[in-house]
Amino acid sequence: QEHQTGCRAMSHVAPPVDGAHREPLHAAKLDHHGKRLATASADHRVRVWDVETNMHCFPVELHGHQGPVWDVAWSHPTFGPVLASAGEDNFVVVWHELDGDWCQVYRHEVQGLAVAVQFCPWEYGLQLAVACCDGQVLVLRRLGDEG
């Protein structure tokens, strides 16, 4: 019996997005609605793309890391447009967009370089898991979401 996973819906290939990074790309993540794409690169940058149309508008480049950026993660839209990035510079940066402008709202230094980030489901508040190269995993919580 064939497992029904909706794979036929995944068979369509959208036009590729040229990441336009100067160095290798480390991560690419779509937001919850599939309308924005965030990319992380060895060129120390995070880029946010509008992929809702096939034009793949490149609206913003985020500068906040002093080394390669290894991963990005979108929070649930309940919290607004919030993006986290993990970098080789030992920092995790949380970004928020307001009226088209992105800014850093939180910056956390880790002991080993940060290699992966992931937000938890929205029901548990704004929490971010951070994996570090030294084997440590941190959970960062927004104040008031301690539950």
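Predicted model only: the values in this text are computed from it and were never measured.

Calculation criteria
- Residues numbered from 1 in each chain as written.
- Predicted model: local features only at pLDDT ≥ 70, side-chain atom pairs only at ≥ 80, totals over all residues.
- Heavy atoms only, no water.
- Helix = DSSP H or I, 4+ residues; strand = E, 2+ residues; numbered from the N terminus.
- Areas by Shrake-Rupley, 256 points an atom, 1.4 Å probe, with all protein chains shown as cover.
- Buried < 20%, exposed > 50% of the residue type's maximum accessible area, 1.4 Å probe, protein only.
- Polar contact = N/O pair within 3.5 Å; in protein donor to acceptor, adjacent residues only side chain to side chain.
- Pairing = 2+ DSSP bridges.
- Axes fitted to C-alpha atoms, helices over the stretch in contact; angles between N-to-C directions.
- Contact = heavy atoms within 4.5 Å.

Colleague: Help me understand the overall build of the protein chain in this model?
Modeller: A tally of helices and strands in the protein chain yields 0 helices and 11 strands. In the protein chain, the succession of α and β elements from N to C terminus is β-β-β-β-β-β-β-β-β-β-β. Within the structure as shown, the protein chain displays about 8900 Å² of accessible surface, and the carbon and sulfur contribution to it stands at 54%.

Colleague: Got a minute to help me understand the environment of T39 in this structure?
Modeller: Locating T39 in the fold gives a position in strand β2 (residues 36-41). With a relative accessible area of 2%, T39 lands in the buried category. Sequence separation between T39 and L25 is 14 residues, and the spatial gap between their C-alpha atoms is 7.2 Å. At 3.5 Å, the side chain of T39 forms a polar contact with the side chain of W49.

Colleague: Is there a simple way to explain the sheet that holds strand β5 (residues 69-74) in this structure?
Modeller: The pairing of strands in a sheet comes from backbone hydrogen bonds and takes either a parallel or an antiparallel form. Taken in spatial order, the 4 strands line up as β5-β6-β7-β8 in an open sheet, and their pairing is antiparallel. This sheet does not close on itself; its edge strands, each paired only once, are β5 and β8 (101-109). Going from strand to strand, the sheet's axes swing by 20° on average, the running direction of each strand aside.

Colleague: It is not clear to me how the environment of E97 should be interpreted in this structure. Could you clarify?
Modeller: Its location among the elements puts E97 in strand β7 (residues 91-98). Classification of E97 by relative accessible area gives buried; the value is 13%. Taking the C-alpha atoms as reference points, E97 and L83, 14 residues apart in sequence, are found 8.6 Å from one another. For E97, the residues in contact, after removing those within four places along its chain, are R36, P81 and W102. A polar contact is formed between the side chain of E97 and the side chain of R36, at a distance of 2.9 Å.

Colleague: Would you mind showing me how to read unusual backbone geometry here?
Modeller: When glycine is set aside, most residues are seen to have a negative phi, and most peptide bonds are trans. Residues other than glycine seldom take positive phi values, yet H44 does so here, at roughly 75°. Tracing the backbone through its elements, the reader meets H44 in the loop between β2 and β3 (45-50).

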